[in-house]
Amino acid sequence: MKIKRLAKVSSTNEVARDEKPGTIIVAREQARGKGRFGRVWESGKGGLWMSLVVVPSRPVQEYTMLAALAVRGALGSGFSVKWPNDVLYKGKKVCGILSEAVFSGNKPEKVIVGIGVNVNNVISSSLNAVSLRQIRKKEVPVDVAMQHILGAFTALLELSSEQLLERYKEQCSTLGKDIRAATLSGDVVGKAVDITPEGELVVQTTRGKKVLQEGDVSIL
Ligand code: BT5
């Protein structure tokens, strides 16, 4: 893949919309880094803010799973995947992923896989977040983190959808836990029991199973 390095952008996911599959946009800083549902993603200097433009050969949610597994794999033990799009260290968010499909008419033209990792950047104390520098107690080279993640991502692209789902389920720390999921249509409380092939979370509640397409999960 061709890497384009930029200084300051609005959001690497936005810049990536104009790029061809096979391109990676990486920026030192984002003025309007974004999360899901238009949330603000803090993206000061020293973090890894990148977007991979890929051919849409899989459903978009599979790229989020792939990216989460790649980051977890690259960072090593102690890190865990939280459904649907986070990598955590001791319950604190070190990475968030935002995958977006770009359509030409009703045909997906490309998928943009946005990966944000707190490496050496300063994070607001109001966030339940942590950086690699805080964890390792020293500066971590952003480029090295990026190369490890890209290597892991490329290797995972070899997995079939079934293998990817199995791997994701093995690594997903949300599964098997009693949770509360804040969804767009209200809170769901129960035990996280499965992930569907579509990447949805299955929650066993006192009133039967609920299948969630999105949500912010807290462990009870
Ligand atoms: C995400 O959304 O976690 C997706 C974040 C994706 C960021 C990357 S950076 C490269 C690319 N370009 C972009 O513009 N975006 C992608 P979500 O699950 O909705 O979580 C957002 C929430 O995480 C916010 O509402 C905050 O509570 C919290 N947050 C914001 N900045 C953070 C940070 N740097 N570290 C940890 N948590 C943060």
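The shown structure was predicted, so the numbers you read here are calculated from the model rather than taken from an experiment.

*Asks:* I'd love a proper account of the site of the ligand, names of residues and values included.
*Replies:* Near the ligand lie 26 residues; those nearest to it are Ser 11, Lys 34, Arg 39, Lys 93 and Asn 118. One nitrogen or oxygen atom from the side chain of Ser 11 is found 2.7 Å from an oxygen atom belonging to the ligand. One of the side-chain N or O atoms of Arg 39 is found 2.7 Å from an oxygen atom in the ligand. Against a free-state accessible area of 790 Å², the protein chains account for coverage of 91% of the ligand. Applying the majority rule of atoms within 2 Å of the grid points places the ligand in the largest pocket. Mapped onto the shell around the ligand, the elements with two or more residues apiece are α1 (12-16), β3 (48-54), β6 (92-104) and β7 (107-117). Looking at the shell around the ligand, its residues break down into eight nonpolar, 12 polar and six charged.

*Asks:* Go over the pattern of salt bridges with me, naming the residues and quoting the values.
*Replies:* Under the defined criterion, the tally for this structure stands at 14 salt bridges. Where Lys 169 meets Glu 166, a salt bridge forms, and the shortest distance between an N and an O atom there is 4.0 Å. With Lys 169 and Glu 166 both in helix α5 (residues 161-171) and three residues apart, this pair spans about one turn of that helix. Asp 194 serves as the salt-bridge partner of Lys 169, at 3.0 Å between the closest nitrogen and oxygen. Here Lys 169, found in helix α5, pairs with Asp 194, found in strand β9 (residues 186-195); they are 25 residues apart in sequence, far enough to count as distant. For Lys 169, a relative accessible area of 23% puts it in the partly exposed group. Because the salt bridges share partners, they merge into one network encompassing Lys 8, Glu 29 and Lys 45.

*Asks:* Can you break down helix α2 (residues 60-75) residue by residue, with the values?
*Replies:* A rise of 1.5 Å per residue sets the reference length of α2, with its 16 residues, at 22 Å; its end C-alpha atoms lie 23 Å apart and thus fit the reference within 8%. Taken across its 16 residues, α2 has 12 buried, putting it largely inside the fold. Regarding α2, the residues found buried are Glu 62, Tyr 63, Thr 64, Met 65, Leu 66, Ala 67, Ala 68, Leu 69, Ala 70, Val 71, Arg 72 and Leu 75. The first or second residue beyond α2 is Gly 76, which carries a positive phi of 95 degrees.

*Asks:* Go over α5, please, and point to the residues and values.
*Replies:* Those residues of α5 not exposed but buried are Leu 164, Leu 165 and Tyr 168. In an axial view of α5, the angular spread of the buried residues amounts to 100 degrees, which keeps them on one side of the axis. Away from its buried face, by an angle of more than 90 degrees, α5 presents the exposed residues Glu 162 and Glu 170. Turning to α5, the residues buried within the fold contact α2, β4 (79-82) and β9.

*Asks:* Kindly report on the pairing of strand β2 (residues 23-30), identifying the contributing residues and their values.
*Replies:* Within β2, six of the eight residues are buried, leaving the element largely enclosed by the surrounding structure. Here seven bridges tie strand β1 (residues 2-9) to β2, and the two strands are oriented parallel to one another. Bridge pairing links Ile 3 to Ile 24 in β2. Note: β2 against β3, four bridges, orientation antiparallel.

*Asks:* Explain the domain arrangement of the protein chain residue by residue, including any values.
*Replies:* When its domains are assigned, the protein chain resolves into domain 1 (2-171) and domain 2 (178-219). Here domain 1 and domain 2 have C-alpha centroids that lie 23 Å from each other. Contact residues are listed per partner, giving 11 residues for domain 1 and 15 residues for domain 2. Buried area between domain 1 and domain 2, both sides added, is near 1100 Å², and the carbon and sulfur share of it is 60%. Linking domain 1 with domain 2 are three salt bridges. One salt bridge connects Arg 36 with Asp 216, and the closest N-O pair in it is separated by 2.7 Å. The tally of links between domain 1 and domain 2 comes to seven residue pairs in polar contact (both at pLDDT 80 or more). Elements with a minimum of two residues in the side of domain 1 that touches domain 2: α2 and α5. Counting residues per element, the side of domain 1 that touches domain 2 draws most heavily on α5, at three residues.

Here is what the cut-offs are and how they apply
- Residues numbered from 1 in each chain as written.
- Predicted model: local features only at pLDDT ≥ 70, side-chain atom pairs only at ≥ 80, totals over all residues.
- Heavy atoms only, no water.
- Near = heavy atom within 4 Å.
- Polar contact = N/O pair within 3.5 Å; in protein donor to acceptor, adjacent residues only side chain to side chain.
- Areas by Shrake-Rupley, 256 points an atom, 1.4 Å probe, with all protein chains shown as cover.
- 1 Å grid on protein atoms, 1.4 Å probe; cavity = no way out; pocket = protein on both sides within 12 Å on 5 of 7 lines; lining within 4 Å.
- Sits in = over half its atoms within 2 Å of the grid points.
- Helix = DSSP H or I, 4+ residues; strand = E, 2+ residues; numbered from the N terminus.
- Nonpolar A, V, L, I, M, F, W, Y, C, P; charged D, E, K, R; others polar.
- Salt bridge = Lys/Arg side-chain N within 4 Å of Asp/Glu carboxyl O.
- Buried < 20%, exposed > 50% of the residue type's maximum accessible area, 1.4 Å probe, protein only.
- Expected span 1.5 Å × (residues − 1).
- Arc of directions from axis to C-beta.
- Contact = heavy atoms within 4.5 Å.
- Pairing = 2+ DSSP bridges.
- Domains from an automatic or database assignment.
- Buried area = accessible area lost by both parts, 1.4 Å probe.

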